[in-house]
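Structural characterization, general
Next come the chains, spelled out residue by residue.
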Amino acid sequence: MPRRRYPTISEGDDGKWHAWVSVTRPDGTTRQRHVKRATEAEVETVVDELLEQKRAGAAVERGRPPTVEQWMTTYLDTIAPRRCDPGTIRDYRSLCVHWFFPVAGGQRLGKLLPGHLDEVYLKMTHAGKAQSTQLKMHRVINRALEVAYRRGLVPRNVAQMIDPPTAEAVEQTALTQPAAESVLAVTGDRRNGTRWAVGLALGLRQGEALGLRWSYLDLERGEMRVWWQLRRRAFEHGCGDSPCGRVRGGNCPQRHLSLKTGETAVLDLSKPATADRRTGLVFKTPKGKSKRTVPMPDQLVELLRRHQIAQDIERIVAEEVWQDHDLVFSRPDGQPIDPKHDHQEWKALLALAGVPATRLHDGRHTAASILILLGVPIEVVQEILGHSDVRVTRRYVHVASELARLATQRMGSALLKIPPTPSRTP
């Protein structure tokens, strides 16, 4: 007798339509899953999905599938933290709570439809949310559903069935070379003035500049190992089932600071050993694949040598108050510079130099722009700035208009021969 490949669908005495499908459990064993629906067509739809999932080799979890909110919570609590910082997780969770869960949080994960995602993005558009925020929401959903699909929780990733929100690339702004020179001109007699020479000349991120340590500088060879950055990390509540009643996690008596593998919390060594010395500042590796070794120009090496001498004098003056964190740029007692105070210093420098207010991160864009205008190949600029993808570096090509103008002028001279204008006869 030929083997029956499609399950039998029949109407039962209860007026419902029934089918039994052999499915695979997560442990590799099989079982008969009972499908019961009001109509034969509904049963066929479910049977088709189960068979498609079985052909794809996915396991069907026993029991009722989780809701969208339950799965997204699981994903953000136990899966995403292996790839993302705690601050990024908080941002993702906020997006889900405000936009995704109100629309589809109660839906069973397997019943999520493309229309639900369309509704989420439409509501965000009507609320005036930026396209980049909508795209971030889509990427969170897409990643979570992709993990669910790989684990056999859903037969398909519905986020792949719609066009993602579009977000135009933000045009990078930068200081002009004269403006950058004006800023550096007013930093010469200020504490840690070399910090801005490092940022503008090499395009370091704020955290990378503040996290520089002397042991990662080779002044003899003129090399800088950008292997760490200093970041502020928000404390979380550690009170668990017995809420402390404090709004901010930093005020919780049992506050918790999440650290990923390889990260180190910066301690305030002036506090007693029995006290909580954690400052909320963390040493962590640079963003993405930005860990790199950057050659330094001779002029910057000389500035760093002078800065090192000035810091040695501060260490002597501070005596036992000095906290040695090996930082290149520090407070007068050796402690790290808070990123907030570093940002305030940038604003003060711009005002003092008479340069229009720009973002601190624009200093990084300035380095990229000047390098490109100097004719440095874009792949080399990518290496210096630590971009993981050259497409990120290409966002700066708009500053090459002067190079483009010179190139087209040369093309005109070489190719376009304009005949002399005939003189008018009287």
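Data block above holds the structure.
Residues numbered from 1 in each chain as written. Predicted model: local features only at pLDDT ≥ 70, side-chain atom pairs only at ≥ 80, totals over all residues. Heavy atoms only, no water.

1. Quick word on the overall build of the protein
Filter applied, for reference: The numbering of helices and of strands both runs from the N terminus, where a helix is a DSSP run of H or I of at least 4 residues and a strand a run of E of at least 2. In this scheme, a residue with accessible area under 20% of its type's maximum is buried, one over 50% is exposed, and one in between is partly exposed, where area comes from a 1.4 Å probe on protein chains only. Working rule for contacts: check all heavy atoms of both residues, and any pair within 4.5 Å makes them a contact. With residues, only the protein chains shown are counted as cover, and all accessible areas are computed by Shrake-Rupley using a 1.4 Å probe.
Looking only at helices and strands, one finds 14 helices and nine strands in the protein. Out of the 426 residues belonging to the protein, those deemed buried represent 41%. Taking the contacts inside the protein whose residues are at least 6 apart along the sequence as the reference set, 59% of them involve residues at least 24 apart. Looking at the protein as shown, the accessible area adds up to about 25100 Å², and 52% of this sits on carbon and sulfur atoms.

2. Some details on the state of the cysteines
The line we're drawing: Criterion for a disulfide: a pair of cysteine sulfur atoms at a distance within 2.5 Å.
The full count for this structure, using the stated rule, is zero disulfides. Cys 239 forms no disulfide, and the closest cysteine sulfur to it belongs to Cys 252, at a distance of 4.0 Å. Its relative accessible area of 12% is what places Cys 239 among the buried residues.

3. A closer look at the environment of Asn 192
Tracing the chain through its elements places Asn 192 in the loop between helix H6 (177-185) and helix H7 (194-202). Given the relative accessible area of 11%, Asn 192 is considered buried. Taking the C-alpha atoms as reference, Asn 192 lies 7.3 Å from His 307; in sequence the two are 115 residues apart.

4. Topic: the packing of H7 against helix H11 (residues 362-373)
The criterion, for reference: Axes, fitted as lines to C-alpha atoms, cover a helix only where it is in contact. Angles between the N-to-C directions of the axes lie from 0 to 180 degrees. Orientation is classified from the angle alone, with under 35 degrees giving roughly parallel, over 145 giving roughly antiparallel, 65 to 115 giving roughly perpendicular, and any other angle giving oblique. Polar here means any residue outside two lists: the nonpolar Ala, Val, Leu, Ile, Met, Phe, Trp, Tyr, Cys and Pro, and the charged Asp, Glu, Lys and Arg; Gly therefore counts as polar.
Between H7 and H11, whose axes approach to 6 Å, the crossing angle comes to 50 degrees. Judged on the interaxial angle alone, H11 and H7 are oblique. Where H7 approaches H11, its residues Gly 199, Leu 200, Ala 201 and Leu 202 are matched on the opposing element by Gly 363, Thr 366 and Ala 367. Among the residues making up the contact of H7 with H11, the classes are represented as four nonpolar, three polar and no charged.

5. Quick look at the packing of aromatic side chains
Here is the rule we go by: Classification of ring pairs rests on two measures: the distance between centres of Phe, Tyr or Trp rings, Trp counted by its six-membered ring, which must be within 6.5 Å, and the angle between planes, read as stacked under 30 degrees, edge-to-face over 60 and tilted in between. We call a charge positioned above a ring when the Lys NZ or Arg CZ atom is no farther than 6 Å from the ring centre and deviates by at most 35 degrees from the ring normal.
In total, this model carries three aromatic pairs according to the counting rule given. Note on Trp 196 and Trp 346: the rings are 5.5 Å apart at their centroids and 35 degrees apart in plane angle, and the pair reads as tilted. Of the two residues, Trp 196 is situated in helix H7 and Trp 346 in helix H10 (residues 339-353); the sequence distance between them amounts to 150 residues. Residue Trp 196 is classed as buried on the basis of its relative accessible area, which comes to 4%. When the ring centre of Trp 227 is taken as reference, the NZ or CZ atom of Arg 225 above it lies at 4.9 Å. The ring of Phe 235 has Arg 255 sitting right over it, with the charged end atom 3.8 Å from the ring centre.

6. Describing the sheet that holds strand S4 (residues 217-218)
Pairing between the strands of a sheet comes from backbone hydrogen bonds, and it takes one of two forms, parallel or antiparallel. Rules: Think of it this way: DSSP has to see at least two bridges between two strands before they count as a pair.
In space, the three strands of this open sheet follow the order S4-S5-S9, with antiparallel pairing throughout. Edge strands, defined here as strands with exactly one partner in the open sheet, are S4 and strand S9 (292-295). Two elements, S4 and strand S5 (residues 223-226), share two bridges in a ladder whose sense is antiparallel. Bridge pairing links Asp 218 to Glu 223 in S5.

7. As for the nonpolar core
Soluble, globular proteins show a tendency: their nonpolar side chains are buried together. Spelled out, the test is: We define a nonpolar core as any set of buried Ala, Val, Leu, Ile, Met, Phe, Trp, Tyr and Cys residues linked to one another through side-chain atoms lying within 4.5 Å.
Counting 35 residues, the largest nonpolar core has Trp 71, Met 72, Phe 100, Leu 117 and Met 137 as the members making the most contacts within it. Residue contributions to this core peak at nine residues, all from helix H3 (residues 86-104). Sequence-distant contacts of Met 72, defined by excluding residues within four places in its chain, comprise Cys 96, Phe 100, Phe 101, Val 140 and Ala 144. Core analysis: the second largest hydrophobic core is formed by 33 residues, Val 226, Met 296, Phe 329 and Ala 368 among them.

8. So, the pattern of salt bridges
Filter applied, for reference: Any carboxyl oxygen of Asp or Glu that lies within 4 Å of a side-chain nitrogen of Lys or Arg is treated as forming a salt bridge with it.
Inspection of every chain in the model, using the stated rule, returns 20 salt bridges. Arg 93 is paired through a salt bridge with Asp 77; the nearest N and O atoms lie 3.0 Å apart. Taken together, the residues span a long stretch of sequence, with Arg 93 in helix H3 and Asp 77 in helix H2 (residues 68-79) at a distance of 16 residues. You can call Arg 93 partly exposed: its relative accessible area is 31%. Between Lys 136 and Asp 91 there is a salt bridge, with the nearest N and O atoms lying 2.7 Å from each other.

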